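Examining the three-dimensional arrangement
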Amino acid sequence: MNFDHRHAAHCESGVVANLLRHHGLEMSESLAFGLASALSFAYLPFIKVSGQPVVAYRALPRAIIRGMKAPLDAHFRFESFRSEAAGQARLDALLAEGRVVGLQTSVYWLPYFPPDMRFHFNVHNLLVYGKDGDDYLISDPVFEHPVRCASADLARARFAKGVLAPKGLLYYPQRIERQSVQPAAVRQAIARNCRHMLAPVPIAGVRGMRFLASRLERLPAGAGHVRRPAD
Amino acid sequence: MEADNVPQEGNATLGGQRKAVYARDANGKLVIVPSRGWEVEEIVTRQAVDAMAEQAQAARARVLAGLASPLEYWMHARRMDVALLAQSSGFWQWRVRRHLGPHGFARLSASQLGRYAQALGVSTAELRKLP
């Protein structure tokens with residue numbers, strides 16, 4: 001299959017744009033990101049991940065995929081699985097139907113990632129557009145070119161455990177009712193995003209940025225603030 | 001940012017890959033420019049990677065001193081913590097902590113070792129010793 005892979009800055013917005021373009025819509029990563037009002041900011045000092053307070057700068061996982069529903073009337077089907085075997089069988093069946101399938105995976109178990117980037121981060125998104133022998137043909141939008149991944153490695157990445165475990169999640173569009181983006185949808189998305197960024201709470205949106213900035217200014221100089229991740 | 005100003009400082013942690021960065025081209029349109037990365041990014045990523053490597057080295061020293069089991073080394077070598085190893089292997093956290101010690105580890109059955117080996121992506125023979 002010929003798949004038009006395009007490099008993107010982030011995984012989910014890139015996956016959505018590439019997937020919709022595959023279905024005939026003229027869609028860029030930035031338009032997908034904007035239509036879903038996915039820009040956001042939250043500083044959560046009371047939630048620590050490996051000893052560091054959480055700073056979120058985008059909407060929750062899957063928000064961009066779901067965000068295509070209102071502007072494009074695009075309906076996605078999500079499936080997760082209990083066993084690796086069932087997950088792989090379903091992926092193979094969908095590929096055999098000629099579909100391009102989105103997956104949620106861990107970054108750590110994908111061998112094509114640079115070793116220094118392999119953290120246990122479970123909400124990476126990528127597209128599978130074919131299979132060649134034991135290798136899946138993958139369009140990973142944060143990479144410049146399409147990549148390949150052996151089936152055992154991909155299965156491990158899809159069924160990694162931990163925070164936000166993917167449970168083999170795969171997704172694909174069932175129907176997309178509108179083939180173009182209306183200006184009104186863009187205006188609506190911008191207005192919604194403004195509302196998010198101006199939320200009247202001190203830890204979110206613009207106020208959250210100011211709050212984090214003031215916290216940063218108060219950090220001690222030098223290496224005094226470096227904290228080792230908790231064991 | 002103008003397309004010409006996109007940093008190309010060669011962030012080594014990207015492993016030779018380029019990442020997409022948005023910048024303005026000569027016509028004032030926003031385009032994707034592949035970037036070799038920033039120096040600051042490299043410093044921050046390296047700090048995180050080094051912290052994990054240090055933990056693995058400290059665990060190796062404890063194993064050699066007979067204070068810990070090879071499981072502790074492998075856990076850190078796979079960049080995991082007790083919580084993640086517990087979820088990946090299906091053991092309770094307090095049991096994992098017990099198995100990180102040499103005595104708890106020595107009492108593991110072959111099938112229990114197999115669960116850890118599977119979770120860590122190593123063979124049981126490798127799991128029994130340091131690499």
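Residues numbered from 1 in each chain as written. Chains lettered and ligands numbered in written order. Predicted model: local features only at pLDDT ≥ 70, side-chain atom pairs only at ≥ 80, totals over all residues.

**A short note on the overall build of chain B**
Helix and strand counts for chain B come out as seven helices and two strands. In chain B, the succession of α and β elements from N to C terminus is β-β-α-α-α-α-α-α-α. The C-alpha radius of gyration of chain B comes to 21 Å, more than 25% above the 14 Å expected for a compact globule of 131 residues. Across its three principal axes, chain B shows a C-alpha extent of roughly 70 × 30 × 25 Å. Relative to its full complement of 131 residues, chain B shows a buried share of 27%. Of the contacts made within chain B by residues no fewer than 6 positions apart, 49% connect residues no fewer than 24 positions apart. (Helix = DSSP H or I, 4+ residues; strand = E, 2+ residues; numbered from the N terminus. Rg over C-alpha atoms; globule rule 2.2 N^0.38 Å. Buried ≥ 20, exposed ≤ 12 C-beta atoms within 10 Å, placed from the backbone. Contact = placed C-beta atoms within 7 Å.)

**Describing the interface of chain B and chain A**
Each partner contributes residues to the interface: chain B has 21 residues there, and chain A has 19 residues. Of all the secondary-structure elements, those providing two or more residues to the side of chain B that touches chain A are strand E1 (19-24), strand E2 (30-35), helix H1 (39-64) and helix H3 (82-89) of chain B. Looking at which element gives the most residues to the side of chain B that touches chain A, the answer is E1(B), with four residues. Partitioned by chemical class, the residues of the side of chain B that touches chain A number eleven nonpolar, six polar and four charged. (Nonpolar A, V, L, I, M, F, W, Y, C, P; charged D, E, K, R; others polar.)

**Description of the nonpolar core**
Across soluble globular proteins, nonpolar side chains show a tendency to be buried alongside one another. Among the nonpolar cores identified, the biggest contains 50 residues, and Val16(A), Ala32(A), Ala36(A), Ile64(A), Leu127(A) and Val128(A) are the most heavily contacted of them. Broken down by element, this core gets its largest block of residues, six residues, from helix H1 (residues 11-22) of chain A. Those residues in contact with Leu127(A) that lie beyond four places of it in its chain are Val15(A), Asn18(A), Leu19(A), Val100(A), Val101(A), Gly102(A), Ile138(A) and Ser139(A). Formed by 19 residues, the second largest nonpolar core is a distinct cluster that contains Ala59(B), Ala68(B), Met75(B) and Ala86(B). (Core = buried A, V, L, I, M, F, W, Y, C linked by C-beta atoms within 7 Å.)

**Details of helix H2 (residues 70-77) of chain B**
Among the eight residues in H2(B), eight count as buried, and that is most of the element. Looking at H2(B), one finds that the buried residues are Pro70(B), Leu71(B), Glu72(B), Tyr73(B), Trp74(B), Met75(B), His76(B) and Ala77(B).

**Some words on the domain arrangement of chain B**
The assigned domain composition of chain B is domain 1 (3-37) and domain 2 (51-127). Here domain 1 of chain B and domain 2 of chain B have C-alpha centroids that lie 40 Å from each other. (Domains from an automatic or database assignment.)

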